[in-house]
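Spelled out from the first residue to the last, the chains are:
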Amino acid sequence: MSIITTPPTPGKSRPAPRSKRKVEPIFYLFLLPSLVLFTLAITVPGIVGIFFSFTDSIGIGDWEFVGLTNYIAIFSDPAILKSYLFTFGFSIVTVIAVNIVAFLLAVGLTSRIRMKTALRTIFVIPMVVSGIIIAYVFNFLFSNSLPAAGTALGIPWLESSLLANPDLAWIAIVLVTAWQAVPGSLLIYIAGLVAVPGDVYEAAEIDGASKLQQLLKITVPLVAGYVVINVILGFKGFLNAYDIIVGLTNGGPGTSTRSIAMTVIAGFNGGDYAYQMANATIFFVVAILISLVQLSLTRGRNAL
């Protein structure tokens, strides 16, 4: 007696059954502490704050529901609108400045130069220094050292502090913020440039491409994903600008450099808790919308 087996049909194979990979319960246990801390420290306070934005609470004591009164008042408050205008303008200018400087430095620090490792270390130092310390140091420079140098050299526009000029104080804030933010973007660009295959540049040199053409036609397109990362991270961070502005101008002169974060915190300290919670809620919604726009623009692209 023999067993007859049917040979498999050429070109056809039986698909292997898919099995769902079971997640070990221990992984949920590892996730639990972070989830609890995040909920208690961020989610719950956020929900409570949104709730109180519909009241007249000053942070303590009795309160009453006032509906959308706080939200309606915000859209007609020139101080609030001015803080939004300053924050978004400052963020856009700083993002552009940081990415241009960081990209050019990254190109230089990945080229064939001596001591590039030591130079990378030097350029990264501002990233590890506290923002408030940097702000106080530059405050002294803008308020004392630069005016003294301007007086000695006979340069009229340098004799007075930029921080005292309501039309120019934002420039000082952009310079100091960019000085601290450039190292972070620099490291990301260096990682992107190092990942570019060297054969591409060798082939371009054989074809007679100049260094500028290689930069514009090869380097920039191949690191475009890293540009997107730096723009998203930078814009998100600069929207929350607080410590450097406090150390440099404290929102002044007047309220010309007061950011949204400063406006909210100043309102909390001044008894405008519910009003500024409404402001913070609007800012939260705006940030979510910006994030959704950024995700829609980068969806389907391999950033790395």
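Residues numbered from 1 in each chain as written. Predicted model: local features only at pLDDT ≥ 70, side-chain atom pairs only at ≥ 80, totals over all residues. Heavy atoms only, no water.

Regarding its fold elements, the chain presents twelve helices and zero strands. By the compact-globule yardstick of 19 Å for 304 residues, the chain is too spread out, its C-alpha radius of gyration being 27 Å. When the backbone C-alpha atoms are referred to their principal axes, the chain occupies close to 105 × 65 × 35 Å. Here the chain holds 304 residues, and the buried ones make up 31% of them. Partitioning the intrachain contacts of the chain with sequence separation of at least 6 by distance along the chain shows that 69% fall at a separation of at least 24. Of the roughly 19700 Å² that the chain leaves accessible, carbon and sulfur atoms contribute 70%. If you average the places of the 17 positive and of the 13 negative side-chain charges in the chain, the two averages end up 21 Å apart. (Helix = DSSP H or I, 4+ residues; strand = E, 2+ residues; numbered from the N terminus. Rg over C-alpha atoms; globule rule 2.2 N^0.38 Å. Buried < 20%, exposed > 50% of the residue type's maximum accessible area, 1.4 Å probe, protein only. Contact = heavy atoms within 4.5 Å. Areas by Shrake-Rupley, 256 points an atom, 1.4 Å probe, with all protein chains shown as cover. Lys, Arg positive; Asp, Glu negative; His and termini not counted. Charge placed at Lys NZ, Arg CZ, Asp CG, Glu CD.)

Turning our attention to the pattern of salt bridges. Applying the stated criterion to the full structure yields one salt bridge. A salt bridge links Glu205 to Lys211, with the nearest nitrogen and oxygen atoms 3.2 Å apart. On the basis of relative accessible area, Lys211 is assigned to the exposed category, the value being 60%. (Salt bridge = Lys/Arg side-chain N within 4 Å of Asp/Glu carboxyl O.)

What follows covers the nonpolar core. Within the largest apolar cluster, 45 residues are counted, with the highest numbers of intra-cluster contacts made by Phe90, Phe142, Val176 and Leu248. Those residues within four positions of Leu248 in sequence are excluded, and the remaining contacts are Ala135, Phe138, Asn139, Phe142, Leu163, Ala172, Ile173 and Val176. (Core = buried A, V, L, I, M, F, W, Y, C linked by side-chain atoms within 4.5 Å.)

Tallied over the full model, the rule gives 16 aromatic pairs. Centre to centre, the rings of Phe88 and Phe235 are 6.3 Å apart; their planes meet at 50°, and the pair counts as tilted. Here Phe88, found in helix H3 (residues 78-109), pairs with Phe235, found in helix H9 (residues 224-239); they are 147 residues apart in sequence, far enough to count as distant. On the basis of relative accessible area, Phe88 is assigned to the partly exposed category, the value being 21%. Ring plane angle 80° and centroid distance 5.6 Å describe the contact between Phe103 and Tyr189, whose orientation is recorded as edge-to-face. Taken together, the positions of Phe103 in helix H3 and Tyr189 in helix H6 (residues 169-194) put the pair 86 residues apart, joining distant regions of the chain. Under the relative-accessibility criterion, Phe103 is labelled buried at 12%. (Phe/Tyr/Trp six-rings, centres within 6.5 Å; stacked < 30°, edge-to-face > 60°.)

We now examine the packing of H6 against H9. It is at 10 Å that the axes of H6 and H9 come closest, and there the two elements cross at 155°. As judged from the angle between their axes, H6 and H9 are roughly antiparallel. Our pair here, H6 against H9, has a crossing hand that is right-handed. Between H6 and H9, the contacting residues are Thr177, Ala181, Ser185, Ile188, Tyr189, Ala191 and Gly192 on the first element and Tyr226, Val227, Ile229, Asn230, Leu233 and Phe238 on the second. Looking at side-chain class alone, the contact of H6 with H9 contains nine nonpolar, four polar and no charged residues. (Axes fitted to C-alpha atoms, helices over the stretch in contact; angles between N-to-C directions. Parallel < 35°, antiparallel > 145°, perpendicular 65-115°, else oblique. Left-handed = near helix turned anticlockwise from the far one by under 90°. Nonpolar A, V, L, I, M, F, W, Y, C, P; charged D, E, K, R; others polar.)

Bringing the side chain of Ser259 into the picture now. By secondary structure assignment, the location of Ser259 is in the loop between helix H10 (243-248) and helix H11 (260-269). Those residues in contact with Ser259, other than ones at most four positions away along the chain, are Ser83, Phe86, Thr87, Ala241 and Ile245.

As a further point, take unusual backbone geometry. Cis peptide bonds are those with omega within 30 degrees of zero, and the linkage from Gly252 to Pro253 qualifies with -5°. Structurally, the position occupied by Pro253 is in the loop between H10 and H11. The backbone phi angle of Asn250 is positive, close to 55°, even though this residue is not glycine.

For the chain, the average pLDDT comes to 85, and 91% of its residues sit at 70 or higher. H3 holds the highest mean pLDDT among the elements of the chain, 93, whereas helix H4 (residues 116-124) holds the lowest, 80. (pLDDT = per-residue confidence, 0-100.)

What follows covers the environment of Gly150. The topology assignment puts Gly150 in helix H5 (residues 131-153). Taking the relative accessible area as the measure of exposure, Gly150 reaches 0% and is therefore buried. Gly150 sits 74 residues away from Ala224 along the chain, and the two C-alpha atoms are 41 Å apart. In contact with Gly150, other than residues within four places in its own chain, are Ile155, Leu158 and Glu159.

On the secondary structure map, Phe65 appears in the loop between helix H1 (25-52) and helix H2 (69-74). Looking at Phe65, the relative accessible area reads 56%, which means it is exposed. As for Phe65 and Thr55, which are separated by ten residues in sequence, their C-alpha atoms are 4.2 Å apart. Contact partners of Phe65, with chain neighbours within four places excluded, come to Phe51, Phe54 and Thr55.

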